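Tertiary structure, described
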Amino acid sequence: MPNFDAMPTSPFTRLNKLLEGVTHGPDPIVMSVGEPQHAPPDFVLPIIERHLAEFAKYPPIIGPEPLRQAVAQWVKRRYRVELDPARQILPLVGTREGLFSAAFVAVPEKKNGKRPAVLIPNPFYQAYSAAALSAGADPVYVNATRESGFLPDFASVPRDVLERTAAIYICSPSNPEGAAANGAYWRQLFALADEYDFTVLADECYGEIYTETAPTGALEIRSETSRSLERLLAFHSLSKRSNLAGLRSGFVAGNAELMAKLVQFRNVTGPQLPLPLAAVSTAAWSDETHVVANRALYAEKFQAAQAKLGNRFGFHIPAGSFFLWLDVGDGEEAALKLWREGGVKVLPGGYLARETAQGNPGKSFIRVALVNDIETTREALDRIARIL
Ligand SMILES: Cc1ncc(COP(=O)(O)O)c(C=O)c1O
């Protein structure tokens, strides 16, 4: 594969290498991985038991009708947008595979006669870059910094690059910074997409993890100017919302023409969501009680973090997500020190970003995932406050 050497290395592989052979402090606490440790909802097991026999069946790529209906109702409740469940919603086996597949639909061989570009926030979820490269595009990294509100300023990208841009990935609330795009940000982005004719791939898998206001969604803002949701695919997941990372379940929603191509592509390449897991997903998208309870657990941990780290490392409670994005001066050095002296495993921010002409925007940061229970989190925060 011509682009293979340019593919990103997993940040976790890099972290393991950094910490290899380093003697660590007692009672390790892992805060490097964004894997929620809260309990999955109670209804999961009984539903799987009821649908057990369906493991014998190949599931359809478009998923069962009740799941698409439940998603449509959730989108209507959450974003006040009416979707056609048959043409505008597609279940995914976790959003990662969908985010990857989408590049093949959104990226043509040439854009305005040139090699296509895919714009990617920097730092970013590594699948975006692997997808762009695999689909034959140039990934172009657009830095998200404190000055840009920790979201990329895509309008600042040179005109010649925008003219060959086929798609952009945008993560809101963002991993790792937890910044959420507001209405004005989304409107500007869609205006840019219309002007330069590119697809917006909106990764909103943290959209349900917030402390105060529910983040504005791509679907709701796009529907203001385009009832057909032109140039938009939005991705949502149960991994964080419902503590079901291992269930592997999410969905993509958006413009029917783009969706039809994605169905066609995934029908021969993509995994299908097993029917018993689709039944669990139907129940999960139909229930908010467990999501409200889940948010309350994160809110408690953010309060604890504020009390312990509040005036240090540029601390702020993010608009969404469950990450602390702490400016510690040198992220790698801090990660090593925390592991060696405190047994706390965090991710150097630079591992989530690429070097650009303006440097690596994640280099001075660590990402701390508040995924453990409150007691473990308090203990880890004490160690971080003491060691750094
Ligand atoms: C920004 C971002 N996008 C997508 C994903 C993938 O989530 P899923 O479990 O739905 O595949 C993750 C998972 O950590 C993520 O952090």
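You can read the domains of the chain as domain 1 (4-39 + 290-387) and domain 2 (58-286). When each unit is reduced to the centre of its C-alpha atoms, the spacing between domain 1 and domain 2 is 25 Å. Across the boundary between the two partners, domain 1 contributes 37 residues, which contact 33 residues of domain 2. Regarding the contact of domain 1 and domain 2, the summed buried area is about 2900 Å², with carbon and sulfur atoms giving 59% of it. When the area that domain 1 buries against domain 2 is broken down by residue, the three leading residues are Arg295, Trp325 and Arg354, summing to 18%. Run the count over domain 1 and domain 2 and you get 1 salt bridge. The interface formed by domain 1 and domain 2 holds 18 residue pairs in polar contact (both at pLDDT 80 or more) in total. Counting only elements with at least two residues in the side of domain 1 that touches domain 2, the list comes to α12 (289-309), β9 (323-327) and β12 (365-369).

A separate point is the sheet that holds strand β6 (residues 199-203). Reading across from one edge, β2-β8-β7-β6-β5-β3-β4 is the order of the 7 strands in this open sheet, with mixed pairing throughout. Every interior strand has two partners, whereas the edge strands, β2 (89-92) and β4 (138-143), have only one. Sheet twist, expressed as the average angle between the axes of neighbouring strands with direction ignored, equals 20°. As paired elements, strand β5 (residues 165-171) and β6 share 5 bridges and run parallel to each other. Along β6, the bridge assignment pairs Tyr169 with Leu201. In the packing of helix α8 (residues 218-225) onto the sheet, the strands contacted are β6, β7 (232-237) and β8 (250-254), and the crossing angle to β7 comes to about 155°. Against the sheet, helix α10 (residues 256-269) makes contact with β2, β6, β7 and β8, and its axis sits at roughly 35° relative to β2, the strand it touches most.

Reading the values: the criteria
Residues numbered from 1 in each chain as written. Predicted model: local features only at pLDDT ≥ 70, side-chain atom pairs only at ≥ 80, totals over all residues. Heavy atoms only, no water. Domains from an automatic or database assignment. Contact = heavy atoms within 4.5 Å. Buried area = accessible area lost by both parts, 1.4 Å probe. Salt bridge = Lys/Arg side-chain N within 4 Å of Asp/Glu carboxyl O. Polar contact = N/O pair within 3.5 Å; in protein donor to acceptor, adjacent residues only side chain to side chain. Helix = DSSP H or I, 4+ residues; strand = E, 2+ residues; numbered from the N terminus. Pairing = 2+ DSSP bridges. Axes fitted to C-alpha atoms, helices over the stretch in contact; angles between N-to-C directions.

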